[in-house]
Amino acid sequence: EAGVAQSPRYKIIEKRQSVAFWCNPISGHATLYWYQQILGQGPKLLIQFQNNGVVDDSQLPKDRFSAERLKGVDSTLKIQPAKLEDSAVYLCASSLSNLRNTEAFFGQGTRLTVV
Amino acid sequence: AQTVTQSQPEMSVQEAETVTLSCTYDTSESDYYLFWYKQPPSRQMILVIRQEAYKQQNATENRFSVNFQKAAKSFSLKISDSQLGDAAMYFCAYRLLYGGSQGNLIFGKGTKLSVKP
């Protein structure tokens, strides 16, 4: 079974530029998560999708971050404009659902450096 | 709000020996899941072990076991017969089971485990 695919693996941009990350979840997984992991910290949820609908985006900085999950499959996370403090690893995870007995599987993440 | 605390930024263990990583959490819920994840340099989070709060029996997975103390809100991970491949960041996580954020994981800051040959 193919895992969660993310691209790119690395990205370096200047502040105020825009950037987009892509995630392809495991086939059949209805729930998709984006987490932000700042160096030295644990991942923090940015947004959760159930199919193509947003379940929780309470911690997403909506003035600069946006995310979509077209057709309930692939998802993109965009930052515009980027700030220095956005430097982090962005992890995508998916699960069959958000119910209790389901496991979340993570991708390898995208490391973003804003200079 | 739920919080997860890992008080050991770094730990070291000799190969073949046993090490215990600590985790405490805070919640007002009685039903939840707790996890330990391993994150190697490849950055991919790998599930090590899961504990369901309503189960009194501590979970075990081969060389990995937990000491779950619900009243104390403590959830430690014991790694027996440590191997070089166990070297990684280890994260304790709490999973929300109810409400609008159902399914979300709340992570601690992690413990970096080194294994000495």
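As a reminder, the structure under discussion sits directly above these lines.
Okay, so let's go over this structure. Every value quoted in this text rests on a predicted model; they were computed, and no experiment measured them. (Residues numbered from 1 in each chain as written. Chains lettered and ligands numbered in written order. Predicted model: local features only at pLDDT ≥ 70, side-chain atom pairs only at ≥ 80, totals over all residues. Heavy atoms only, no water.)

Some points on the overall build of chain B
1) Next: Each helix and strand in chain B was counted, giving 0 helices and 12 strands.
2) Next: The order of helices and strands in chain B, counted from the N terminus, is β-β-β-β-β-β-β-β-β-β-β-β.
3) Next: Considering only C-alpha atoms, chain B reaches an extent of 45 × 30 × 20 Å along its principal axes.
4) Next: For chain B, the residues scored as buried account for 50% of the 117 residues in total.
5) Next: Sequence separation of at least 24 residues holds for 54% of the intrachain contacts in chain B that already meet a minimum separation of 6.
6) Next: Working note: accessible area of chain B is about 5600 Å², and carbon and sulfur atoms make up 46% of it.
7) Next: Computing the positive centroid from 12 side-chain charges and the negative centroid from 10, chain B places the two 4 Å apart. (Helix = DSSP H or I, 4+ residues; strand = E, 2+ residues; numbered from the N terminus. Buried < 20%, exposed > 50% of the residue type's maximum accessible area, 1.4 Å probe, protein only. Contact = heavy atoms within 4.5 Å. Areas by Shrake-Rupley, 256 points an atom, 1.4 Å probe, with all protein chains shown as cover. Lys, Arg positive; Asp, Glu negative; His and termini not counted. Charge placed at Lys NZ, Arg CZ, Asp CG, Glu CD.)

Details of the interface of chain A and chain B
1) Next: Between chain A and chain B, the residue contacts involve 29 residues of the former and 24 residues of the latter.
2) Next: With both sides pooled, the region where chain A packs onto chain B buries about 2100 Å², and carbon together with sulfur makes up 39% of that total.
3) Next: Among the residues of chain A in contact with chain B, A:Arg100, A:Phe106 and A:Gln108 are the three that bury the most area, contributing 31% of the side total.
4) Next: Put simply, chain A and chain B have 19 residue pairs in polar contact (both at pLDDT 80 or more) between them.
5) Next: Mapped by element, the contributors of at least two residues to the side of chain A that touches chain B are strand S4 (31–37), strand S5 (44–50), strand S6 (53–56), strand S9 (88–95) and strand S11 (110–114) of chain A.
6) Next: Among the residues forming the side of chain A that touches chain B, the class breakdown is 11 nonpolar, 13 polar and 5 charged. (Buried area = accessible area lost by both parts, 1.4 Å probe. Polar contact = N/O pair within 3.5 Å; in protein donor to acceptor, adjacent residues only side chain to side chain. Nonpolar A, V, L, I, M, F, W, Y, C, P; charged D, E, K, R; others polar.)

Details of the state of the cysteines
Residue and element names in this part refer to chain B.
1) Next: In the structure shown here, the tally under the stated rule is 2 disulfides over all chains.
2) Next: Between the sulfur atoms of Cys23 and its disulfide partner Cys92 the distance amounts to 2.0 Å. Here Cys23 and Cys92 share a disulfide; its torsion about the S-S bond, -70 degrees, makes the bridge left-handed. Of this pair, Cys23 sits in the loop between strand S3 (19–21) and strand S4 (24–26) while Cys92 is found in strand S10 (residues 88–95), placing the two residues 69 residues apart along the sequence. Accessibility assignment for this pair places Cys23 and Cys92 in one class, buried. (Disulfide = S-S within 2.5 Å.)

Considering the side chain of A:His29
1) Next: Within the secondary structure, A:His29 is located in the loop between strand S3 (19–24) and S4.
2) Next: If near-sequence neighbours (up to four positions away) are discounted, A:His29 is found in contact with A:Arg69, A:Ser94, A:Ser95, A:Leu96 and A:Phe105.

Some remarks on the pairing of S10(B)
All names here are of chain B.
1) Next: Buried residues dominate S10, accounting for 7 of its 8 residues.
2) Next: Of the pairings in the sheet, the one linking strand S5 (residues 33–39) to S10 comprises 7 bridges and is antiparallel in character. Residue Gln39 lies in a different strand from S10, and its bridge partner there is Met89.
3) Next: When S10 meets strand S12 (residues 111–116), the two strands line up antiparallel, connected through 3 bridges. By the bridge assignment for S12, Tyr90 is matched with Thr111.
4) Next: Sheet topology places S10 next to strand S11 (residues 105–107); 3 bridges connect them, and they run antiparallel. (Pairing = 2+ DSSP bridges.)

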